[in-house]
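Examining the three-dimensional arrangement
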Number of protein chains: 2
Amino acid sequence: MRIITISREFGSGGRELGMRLAEALGIPCYDHELIEEVAKQNNMDVEQVSNISERDIQLYYPLTMGRRFASMLKVDTRPVQVVVALQEAIRRFAHQGDCVIVGRCADVILKDMEPLNIFVYADAASKLRRCEQRAPEDEKLSTPALNRLIAQVDKDRAAYRDLFSDDQWGKKEAYHLCVNTSGKQIKQLVPALAGYVNCWFA
Amino acid sequence: MRIITISREFGSGGRELGMRLAEALGIPCYDHELIEEVAKQNNMDVEQVSNISERDIQLYYPLTMGRRFASMLKVDTRPVQVVVALQEAIRRFAHQGDCVIVGRCADVILKDMEPLNIFVYADAASKLRRCEQRAPEDEKLSTPALNRLIAQVDKDRAAYRDLFSDDQWGKKEAYHLCVNTSGKQIKQLVPALAGYVNCWFA
């Protein structure tokens, strides 16, 4: 089975890379689909699941897991539910066949399936430019606000990963291939990455 | 011009990767050639140049460059000569046309030529195994000695890089592509990397 996981810095184009790579390989790409699936199952808002999945959980996790009697307290356990449901959704999607999965620590969660784990990154100027280009006209943030957002999202992703793995988010040792997209069009790199996938699983 | 630089952890197969990649692309690979060229020019032993190039220089550099009257002291200035000559050799080779250059901070030295900079790494077990397989029968080191050697060579390479750049050796941000060779045959990955080179310079 060819499972490719994409971890990525915010603004590096990792999501686009995942989608284009899946298209080039003729296999599905799971990204927002994971969130939608989990939201549906848990009768929750997509936005809510999306926030919990990479942000709130580290606030809740030590409390609910660390206290034996947490269930007796009035603790909101939805974040833990969501994380568990996300893990299950990732495993379920992966077992359906070859695919690309973007984010949500799929590399760690699917370790036993031996995925090819790609990390996508870029320099600060490139990430800023990409975010500016992608933002809808009516949602333009100032440059300092965008920089804060980029830093915050990556911090959340790193914290989310800490729940699952001792390997630090973004450290090259945890991945099989690290792709710097600075100053490059994603679509220019995709044919070569599809070739890399084919060599890897040959 | 297509200049590809290979930086690598000792035992990761970076040298083999550089040679095979050059072969796949039909362009020359410079590795030991740089050392030989500089040895010939400076009337020095190849072994001597090789040692200086990645080991001794950091011991000499602060002394010879930091003291205004160093030349009046009995300081051995050969290491600095060698580093300067290596830089010149790298520039000269690169200006001859498309090539792969292994090691010696070619990525930093040739920055203005916009090379594609690849970093090759692997996990500890893979590096150990590769070193064991490569050692001549009569030069087998014990596992602890090999581990010390691997750590020492990488430490020397990192220190050598510090002479040229503020970017830390091995940090993914300094490279365009980081390739983890753990458990893989180099030759399996080379066609895809050749494809990456072609996409990059397209």
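This text goes with the structure placed above it.
Residues numbered from 1 in each chain as written. Chains lettered and ligands numbered in written order. Predicted model: local features only at pLDDT ≥ 70, side-chain atom pairs only at ≥ 80, totals over all residues. Heavy atoms only, no water.

Take the relation of the copies chain B and chain A next. When chain B is fitted to chain A, the best match, at an RMSD of 0.0 Å, comes from turning it 180° and sliding it 0.0 Å along the axis. Overall, the copies show the geometry of a two-fold rotation axis. Relative to the rotation axis, the closest C-alpha in chain B is found at cysteine 178 of chain B, a distance of 2.4 Å. Of the residues that chain B buries at the interface, 100% are likewise interface residues in chain A, meaning the two copies contact each other through the same surface. (Least-squares fit on C-alpha atoms with pLDDT ≥ 70 in both. Contact = heavy atoms within 4.5 Å.)

We now examine the pattern of salt bridges. Following the criterion strictly, the structure yields 20 salt bridges over all chains and no others. A salt bridge links aspartate 31 of chain A to arginine 104 of chain A; the shortest N-O distance between them is 2.8 Å. Placement of aspartate 31 of chain A in the loop between strand S2 (29–30) and helix H2 (32–41) and of arginine 104 of chain A in the loop between strand S3 (99–102) and helix H5 (106–109) is noted, with a sequence separation of 73 residues between them. Here aspartate 31 of chain A falls in the buried class, since its relative accessible area comes to 6%. Accessibility expressed as a relative area gives 7% for arginine 104 of chain A, which makes it buried. Taking the shortest distance from any N to any O, the salt bridge between lysine 127 of chain B and glutamate 9 of chain B comes out at 2.7 Å. Taken together, the residues span a long stretch of sequence, with lysine 127 of chain B in helix H6 (residues 124–134) and glutamate 9 of chain B in the loop between strand S1 (3–8) and helix H1 (14–25) at a distance of 118 residues. For the residue pair lysine 127 of chain B and glutamate 9 of chain B, the accessibility class agrees, reading buried in each case. What you see here is one network of salt bridges that share partners, running through Glu16, Arg20, Arg130 and Arg134 of chain A. (Salt bridge = Lys/Arg side-chain N within 4 Å of Asp/Glu carboxyl O. Helix = DSSP H or I, 4+ residues; strand = E, 2+ residues; numbered from the N terminus. Buried < 20%, exposed > 50% of the residue type's maximum accessible area, 1.4 Å probe, protein only.)

This part is about helix H8 (residues 186–200) of chain B. In this model H8 of chain B runs 20 Å from its N-terminal to its C-terminal C-alpha over 15 residues, within 8% of the 21 Å that 1.5 Å per residue would give. Remark: the principal bend of H8 of chain B, roughly 25°, maps to alanine 192 of chain B. (Expected span 1.5 Å × (residues − 1). Bend = angle between axes of the 7 residues up to and from the residue.)

For the rest of this paragraph, the subject is H6 of chain B. All buried positions along H6 of chain B are accounted for by Ser126, Lys127, Leu128, Arg130 and Cys131 of chain B. On its buried side, H6 of chain B packs onto H1, helix H7 (143–162) and H8 of chain B.

A few words now on the sheet that holds strand S2 (residues 29–30) of chain B. Spatial ordering of the open sheet is given by S2(A)-S3(A)-S1(A)-S4(A)-S5(A)-S5(B)-S4(B)-S1(B)-S3(B)-S2(B), a layout of 10 strands whose pairing is mixed. Both edges of this open sheet fall to S2 of chain A together with S2 of chain B, since each of them pairs with a single strand only. The sheet contact formed by strand S1 (residues 3–8) of chain A and S3 of chain A spans 4 bridges and is parallel. What sits directly across from isoleucine 4 of chain A, in S3 of chain A, is valine 100 of chain A. On top of the sheet, H1 of chain B reaches S1, S2, strand S3 (99–102) and strand S4 (116–121) of chain B; it is set at about 160° to S1 of chain B, its chief contact. (Pairing = 2+ DSSP bridges. Axes fitted to C-alpha atoms, helices over the stretch in contact; angles between N-to-C directions.)

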